[in-house]
Amino acid sequence: AEPLFFLDYFACGKLDVDTAASVVQGIARGCELSGCALIGGETAEMPGMYPAGEYDLAGFAVGVVEKSKIIDGSTILPGDVVIGIPSSGAHSNGYSLVRKIIERSQPDLDAPFDEVDGKSRTLADAIMAPTHLYVKPVLALMQSIAIKGMAHITGGGLTENVPRVLPPGAKAVLQKSAWQRPKLFDWLQREGGVAEEEMHRVFNCGIGMVLIVAQEHRRHALELLNAAGEKAVEIGTIEWRDGDEAQTIVV
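Every value quoted in this text rests on a predicted model; they were computed, and no experiment measured them.

**Remarks on the overall build of the chain**
Then step 1. In terms of helices and strands, the chain carries 8 helices and 11 strands.
Then step 2. For the chain, the C-alpha atoms occupy an extent of roughly 55 × 45 × 40 Å along the three principal directions.
Then step 3. Classification of the 251 residues of the chain by burial places 38% in the buried group.
Then step 4. In the chain, the share of contacts with a sequence separation of at least 24, taken over all contacts with a separation of at least 6, comes to 82%.

**Some thoughts on the sheet that holds strand E2 (residues 37-45)**
Then step 1. Taken together, 3 strands build an open sheet; the order of strands is E2-E1-E3 and the sheet is mixed. Strands at the two margins of the open sheet, each flanked by one partner only, are E2 and strand E3 (55-64). Pairs of neighbouring strands in the sheet enclose a mean axial angle of 15°, with direction left out of account.
Then step 2. Of the pairings in the sheet, the one linking strand E1 (residues 2-12) to E3 comprises 10 bridges and is antiparallel in character. Bridging from a neighbouring strand, Phe10 pairs with Leu57 of E3.
Then step 3. In this fold helix H1 (residues 17-34) packs onto E1, E2 and E3, with an angle of close to 170° to the strand it touches most, E1.

**Considering the sheet that holds strand E10 (residues 233-240)**
Then step 1. The 6 strands are arranged E7-E9-E4-E10-E8-E11 in an open sheet whose pairing can be described as mixed. Only two strands of the sheet have a single partner each, and these edge strands are strand E7 (149-152) and strand E11 (248-250). In this sheet, neighbouring strand axes are inclined to one another by 25° on average, regardless of whether the strands run parallel or antiparallel.
Then step 2. Across 3 bridges, strand E8 (residues 170-174) lies against E11 in parallel orientation. Considered in E11, the bridge of Ala172 is made with Thr248.

**Examining the state of the cysteines**
Then step 1. Considering all chains together, one arrives at 0 disulfides under this definition.
Then step 2. Of all cysteine sulfurs, the one in Cys36 lies closest to Cys31, which takes part in no disulfide; the gap is 3.9 Å.
Then step 3. Look at Cys31 and you get buried, because its relative accessible area is 5%.

**Section: unusual backbone geometry**
Then step 1. Positive phi is not limited to glycine here, since His91 has a value of about 55°.
Then step 2. Among the structural elements, His91 can be located in the loop between strand E4 (81-86) and helix H2 (95-105).
Then step 3. You will see that Asp117, though not glycine, has its phi angle at about 55°, which is positive.
Then step 4. With respect to the helices and strands, Asp117 occurs in the loop between strand E5 (112-116) and strand E6 (119-122).

**Here we look at the environment of Gln180**
Then step 1. Tracing the backbone through its elements, the reader meets Gln180 in the loop between E8 and helix H6 (183-192).
Then step 2. Its relative accessible area of 75% is what places Gln180 among the exposed residues.

**Re the side chain of Lys171**
Then step 1. On the secondary structure map, Lys171 appears in strand E8.
Then step 2. Each residue touching Lys171, except ones within four places of it in the same chain, is listed here: Leu166, Thr237, Ile238, Glu239, Trp240, Arg241, Glu245, Ala246, Gln247 and Ile249.

**Looking at the pairing of strand E9 (residues 207-213)**
Then step 1. Burial analysis of E9 places 7 of its 7 residues in the buried class, the great majority of the element.
Then step 2. In terms of strand pairing, E4 meets E9 through 6 bridges, oriented antiparallel. Within E9, the residue paired with Ile83 across the bridge is Leu211.
Then step 3. Pairing geometry for E7 and E9, over 4 bridges, is antiparallel. Paired with His152 across the strands is Met209, a residue of E9.

**A few points about the side chain of Thr248**
Then step 1. Along the polypeptide, Thr248 turns up in strand E11.
Then step 2. In this view, Thr248 contacts Leu158, Thr159, Val162, Pro163, Leu166, Ala172 and Leu174; residues no more than four positions away in its chain are not counted.

What counts and how
For every chain, the first residue of the written sequence is number 1, and numbering continues from 1 onward in sequence order. Local features in a predicted model are, by the rule used here, given only for residues with pLDDT of at least 70; side-chain atom pairs are given and counted only at 80 or more, and totals for whole chains, interfaces and linings are based on all residues. Calculated side-chain values reflect all of the structure's heavy atoms, with hydrogen atoms and water omitted. Starting at the N terminus, helices and strands are each numbered in turn, a helix being any DSSP run of H or I of at least four residues and a strand any DSSP run of E of at least two. Working definition: with a 1.4 Å probe on protein chains only, accessible area under 20% of the residue-type maximum means buried, over 50% means exposed, and in between means partly exposed. Any two residues having at least one pair of non-hydrogen atoms within 4.5 Å are treated as being in contact. Criterion used throughout: strands pair if DSSP finds at least two bridges between them. To obtain each axis, a line is fitted to C-alpha atoms, and for helices this fit is confined to the stretch in contact; angles are then taken between N-to-C directions over 0 to 180 degrees. Put simply, a disulfide is two cysteine sulfurs that come within 2.5 Å.

Treat this as a map of the structure, not an account of what it does.
Here it is in structure tokens:
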């Protein structure tokens, strides 16, 4: 669905104007990147509910799609191609585990950690990198080819999000060697002693959005996405599922 508008809810014990303004500025930027309008919201002060300096933020978007153009994965067949679009970080998923790993390893959050576009970045900045938004390039691609399925890699990682769009008899086989996993996820796995299977269940591991297209549309999809600066790659294929085996396998 194409997003139309967004509303937010900001709750705190006592309103800090600078903090609230910064939050709303970020929301407005996200709406701009997604091509939707920020049409209003609610700000609530509840002194007995929130400690000083803490706030709660929620929001929702409304979008529209023609019934005839709903993408439900029903046309997905073996031989179709799975395309992955890189994430910008952990994308606000798995942060209970992230915080536990930080508590356990006690790293220097302000130490140089990696580089993005040639600029040095601290561990704190890598962990808190804003979620990349895919709305405009994916909408543009939909105008050019038929996308059979799409999955935003949120809570549940690759192995629990991709199956949501697959028909019962199909499975996605993803090749983890097809993309370079960002240093952040290697650090989280090492410092937290997280099993490989659990990494793909909790984190996006570098893939924030998955698209499934027919083999004949593979090249065009990659060219269009990459022309938009997305650095998309082919990460797997669709195969027939054998019995009760998992619907997404990372090998």
